[in-house]
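One letter stands for each residue in the lines below.
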Amino acid sequence: MNYGHLELRIEELLKERDISKNTICKELDIPRSNFNRYCRNEFQRLDANLICKLCDYFDCEVGELICYVKE
């Protein structure tokens, strides 16, 4: 059964705030390869600590960062 999937809005938030991937990876100490997978929504599980870091960095709520897509 297909329950849908989650999508991260990282790319949109980066563009809205004019922040580069290099900058955020350096400031949050996130490996660029892992970050790129999250940006492309190519993940199986979400790291709660990463989600907290991103919400703090973007000064946003979880719902602004993660969207549920029903299929």
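- Going by an unreviewed UniProt entry, the protein carries the name HTH cro/C1-type domain-containing protein and comes from Mediterraneibacter gnavus.

## A short note on the overall build of the protein
- Looking only at helices and strands, one finds five helices and two strands in the protein.
- Tracing the protein from N to C terminus, the helices and strands come up as β-α-α-α-α-α-β.
- A globule of 71 residues ought to have a C-alpha radius of gyration of about 11 Å, and the protein, at 12 Å, matches this closely.
- Summarising its shape, the C-alpha atoms of the protein cover approximately 40 × 20 × 20 Å along the three principal directions.
- Counting the 71 residues in the protein, one finds 30% classified as buried.
- If you take every contact in the protein between residues at least 6 apart in sequence, the share linking residues at least 24 apart comes to 66%.
- For the protein, the accessible area works out to roughly 5100 Å², and carbon and sulfur atoms hold 46% of it.
- On the protein, the mean spot of the 11 positive side-chain charges and the mean spot of the 14 negative ones are 6 Å from each other.

## Quick notes on the environment of Leu-14
- Looking at the element boundaries, Leu-14 is found in helix α1 (residues 10-17).
- Along the sequence, Leu-14 and Cys-39 sit 25 residues apart, while their C-alpha atoms lie 10.0 Å from each other.
- Residues in contact with Leu-14, not counting those within four places in the same chain, are Ile-19, Ser-20, Lys-21, Ile-24, Phe-35 and Phe-58.

## Overview of the layout of surface pockets
- Roughly 180 Å³ of volume is contained in the largest pocket.
- For the largest pocket, the lining is made up of 13 residues, of which Ile-30, Asn-34, Tyr-38, Asp-47 and Leu-50 are closest to its centre.
- Contributions of two or more residues to the lining of the largest pocket are made by α3 (32-39) and α4 (48-58).
- For the lining of the largest pocket, the residue count by class is five nonpolar, two polar and six charged.

## Notes on the pattern of salt bridges
- Going through the model one piece at a time under the given rule, you end up with four salt bridges.
- In this structure, Glu-16 and Arg-17 form a salt bridge, with 3.4 Å as the shortest nitrogen-oxygen distance.
- Note on Glu-16: relative accessible area 54%, which makes it exposed.
- A network of salt bridges, in which partner residues are shared, links Arg-9, Glu-16 and Arg-17.

## Considerations on the state of the cysteines
- Applying the stated criterion across every chain, the model contains zero disulfides.
- For the unlinked cysteine Cys-25, the closest cysteine sulfur is that of Cys-39, found at 7.3 Å.
- The thiol sulfur of Cys-52 is not disulfide-bonded, and the nearest other cysteine sulfur, from Cys-55, lies at 6.7 Å.
- The exposed category is assigned to Cys-52, whose relative accessible area is 52%.

The rules behind the values
Residues numbered from 1 in each chain as written. Predicted model: local features only at pLDDT ≥ 70, side-chain atom pairs only at ≥ 80, totals over all residues. Heavy atoms only, no water. Helix = DSSP H or I, 4+ residues; strand = E, 2+ residues; numbered from the N terminus. Rg over C-alpha atoms; globule rule 2.2 N^0.38 Å. Buried < 20%, exposed > 50% of the residue type's maximum accessible area, 1.4 Å probe, protein only. Contact = heavy atoms within 4.5 Å. Areas by Shrake-Rupley, 256 points an atom, 1.4 Å probe, with all protein chains shown as cover. Lys, Arg positive; Asp, Glu negative; His and termini not counted. Charge placed at Lys NZ, Arg CZ, Asp CG, Glu CD. 1 Å grid on protein atoms, 1.4 Å probe; cavity = no way out; pocket = protein on both sides within 12 Å on 5 of 7 lines; lining within 4 Å. Points joined across faces, edges and corners; volume = space filled by probe spheres on them. Nonpolar A, V, L, I, M, F, W, Y, C, P; charged D, E, K, R; others polar. Salt bridge = Lys/Arg side-chain N within 4 Å of Asp/Glu carboxyl O. Disulfide = S-S within 2.5 Å.

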